[in-house]
Amino acid sequence: MGRLFARIADFIRETDKLLLILCTFAASYGCIAVFSATRHDGTYRATIVQAGLMLAGIVAALIISAFDYSTLIKRWYLSAPVGLILVILTFFIGFAPGETDDKAWLNLGFTTFQPSELLKICFILSYSAHLSAVKSKINKPLHLFLAVAHGAFPVLLIHFQGDDGTALVFAVMMVCMLWAAGVSWKYFLSAFVSLAALAPVVYFLIMNDEQRARIANMFDINADIKGVGYQQYQGRIALANGGWTGQGYLNGDLTSKGIVPEGHNDFIFVSIGEELGFLGCLVVVILLAAICLRTVHIARVCRKDSGKFICIGFFAMLLAQIIINIGMCLSLLPVIGVTLPFFSAGGTSLLCLFLGVGLVLGVYKHRNSRTIYLHD
């Protein structure tokens, strides 16, 4: 029994408690915001699901962190097929809940599940394994091509699924992990120039009318306030209502009535802004920035490349979603359906986020090749 307690003490001591506390606090803040943004419908299902999966996610994160991340990376071939198969199933039996257009969910009967969220975590593991194996040769054309092909596969898969917002998040993850692997800046410069040259082709020949209208709305926010710009228009009103300190929790004029579309999900930042004001939004930004910085710190103290890649992949996922989501809410970017990590309603997203937190906690716990305790 004494040895068991010693093991538990070791586990607690070696866990990055700061990261876990930050993530738990952010998710709890999110549950409070989701409750306010959904109580107008007379049910509390969204809040119950959010709180329940937050607790389940914390437990899952602690369990995952107990495993050596090197072992999880070596077994990437077990997790990757699961993520891919579930996403591929959405092409045949996909489900689009609510007002969404993308059939990116699976209807499980008692709930829905978004496989692309799980695929993000699977991709972090498989790409970390790939980059770790070729890091010393990453700038050789063949190895770089294969690494880019590996990263581009989920981007294209999710794009054809119809979820361009998530596809963009995957692209950012790939770029950041390639940078961390030591890919030469010359390749990135070449890629940037090529993408800039292809931008007109993508805009005129690949994007549909609605996508072009959303981009045009960035440059004239009042161009279509009854069409594609309606959500952002209502969001701007809600943020203006909030001012510095907000209208008070549960008292937002638009939030309490559910007038802002997806005010509990993609536009949760707006709901927080109306009720808790600029200061409430500032707390959100500080929490998310602290989580990102802590993840980068863990990457720096880890001795193994594979652990660094896990942390950078998770950091890139968070950073991309934060910038895109807040940019959408502030009418600085087009609305492309990207959620705010730890805050937006969505059980799948929250649970998978904590799976990623578990991987990062595992990197911290096993950041040295071996830790020897007195009782060993």
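For clarity, every value in this text was computed on a predicted model and none was experimentally measured. (Residues numbered from 1 in each chain as written. Predicted model: local features only at pLDDT ≥ 70, side-chain atom pairs only at ≥ 80, totals over all residues. Heavy atoms only, no water.)

**With respect to the nonpolar core**
Counting 94 residues, the largest nonpolar core has L131, L340, F342, F343 and F354 as its most contacted members. Filtering out sequence-adjacent residues up to four positions away, F343 remains in contact with A26, Y29, G30, V34, Q50, I268, I272, V284, L287 and L288. (Core = buried A, V, L, I, M, F, W, Y, C linked by side-chain atoms within 4.5 Å. Buried < 20%, exposed > 50% of the residue type's maximum accessible area, 1.4 Å probe, protein only. Contact = heavy atoms within 4.5 Å.)

**Some details on the sheet that holds strand β3 (residues 112-113)**
Judged by pairing direction, the sheet is antiparallel, and its 3 strands sit side by side in the order β1-β2-β3 without closing on themselves. The strands lining the two open edges of the sheet, one partner per strand, are β1 (94-95) and β3. Relative to β3, strand β2 (residues 105-107) runs antiparallel, the two being bridged by 2 bridges. In the strand pairing of β3, L106 is matched with F113. Helix-sheet contacts for helix α5 (residues 76-93) involve β1, β2 and β3, and the interaxial angle to β2 is about 70 degrees. (Pairing = 2+ DSSP bridges. Helix = DSSP H or I, 4+ residues; strand = E, 2+ residues; numbered from the N terminus. Axes fitted to C-alpha atoms, helices over the stretch in contact; angles between N-to-C directions.)

**Here we look at the confidence of the model for the protein chain**
Overall, the prediction assigns the protein chain a mean pLDDT of 88, with 93% of residues at 70 or greater. This model gives residues 371-376 a pLDDT under 50, and the stretch forms 12 contacts once residues within four places in sequence are excluded. (pLDDT = per-residue confidence, 0-100.)

**Topic: the packing of aromatic side chains**
On inspection of all chains with the given rule, the structure shows 9 aromatic pairs. Both rings, one in F35 and one in Y44, keep their centres 5.6 Å apart while their planes meet at 20 degrees; by these two values the pair is stacked. What makes F35 partly exposed here is its relative accessible area of 26%. Of the residues examined, Y44 reaches a relative accessible area of 45% and is grouped as partly exposed. The interplanar angle of 55 degrees and the centroid separation of 5.2 Å between the aromatic rings of W179 and F188 together place this pair among those described as tilted. Every member of this aromatic cluster is reached through a ring pair, and the members are F123, Y127 and F170. (Phe/Tyr/Trp six-rings, centres within 6.5 Å; stacked < 30°, edge-to-face > 60°.)

**Notes on helix α13 (residues 305-329)**
Here α13 spans 36 Å end to end across 25 residues, near enough to the 36 Å set by a 1.5 Å rise per residue. A large share of α13 lies buried, amounting to 21 of its 25 residues. Positive phi appears at S331, one or two residues downstream of α13, with a value of about 65 degrees. (Expected span 1.5 Å × (residues − 1).)

**Considerations on the packing of α13 against helix α14 (residues 347-365)**
Packed helices, taken two at a time, are described by their axes: the angle between them and the distance between them. α14 packs onto α13 with a crossing angle of 150 degrees between their chain directions and a minimal axis gap of 9 Å. Viewed along their axes, α13 and α14 form a crossing whose handedness is left-handed. Here α13 contributes G307, I310, C311, F314, M317 and L318 to the contact with α14, which in turn contributes L353, G356, V357, L359, V360 and V363. Looking at the contact of α13 with α14 residue by residue, the classes come out as 10 nonpolar, 2 polar and no charged. (Left-handed = near helix turned anticlockwise from the far one by under 90°. Nonpolar A, V, L, I, M, F, W, Y, C, P; charged D, E, K, R; others polar.)

**A closer look at a nonpolar patch on the surface**
Together, I85, I88, L89, F91, F92, I93, L156 and F160 line one region of the surface with nonpolar side chains, adding up to about 840 Å² of accessible area. Elements with a minimum of two residues in the nonpolar patch: α5 and α7 (141-161). The biggest single contributor to the nonpolar patch is α5, with 6 residues. With respect to the element layout, L156 can be found in helix α7. (Patch = residues over 30% accessible without salt bridge, like charges linked within 9 Å, V, L, I, M, F, W, Y side chains within 5 Å. Areas by Shrake-Rupley, 256 points an atom, 1.4 Å probe, with all protein chains shown as cover. Salt bridge = Lys/Arg side-chain N within 4 Å of Asp/Glu carboxyl O.)

**Re the packing of helix α6 (residues 115-134) against helix α8 (residues 164-180)**
Close contact between α6 and α8 brings their axes to 11 Å; oriented N to C, the two are set at 20 degrees. By the angle between their directions, the pair α6 and α8 is classed as roughly parallel. Here α6 and α8 pass one another in a crossing that is right-handed. Facing S116, L119, K120, F123, I124, Y127, S128 and L131 of α6, the residues of α8 in contact are T166, V169, F170, M173, M174, M177 and L178. (Parallel < 35°, antiparallel > 145°, perpendicular 65-115°, else oblique.)

**Focus: empty space enclosed by the protein**
Following the criterion strictly, the structure yields 1 cavity of 30 Å³ or more and no others. As a volume, the largest cavity reaches approximately 70 Å³. Along its surface, the largest cavity is lined by Y29, I32, A33, S36, Y249, S271, I272, E275 and L276. At the level of elements, α2 (17-38) and α12 (268-301) are the ones that each hand at least two residues to the lining of the largest cavity. Of the residues assigned to the lining of the largest cavity, the class counts are 6 nonpolar, 2 polar and 1 charged. (1 Å grid on protein atoms, 1.4 Å probe; cavity = no way out; pocket = protein on both sides within 12 Å on 5 of 7 lines; lining within 4 Å. Points joined across faces, edges and corners; volume = space filled by probe spheres on them.)

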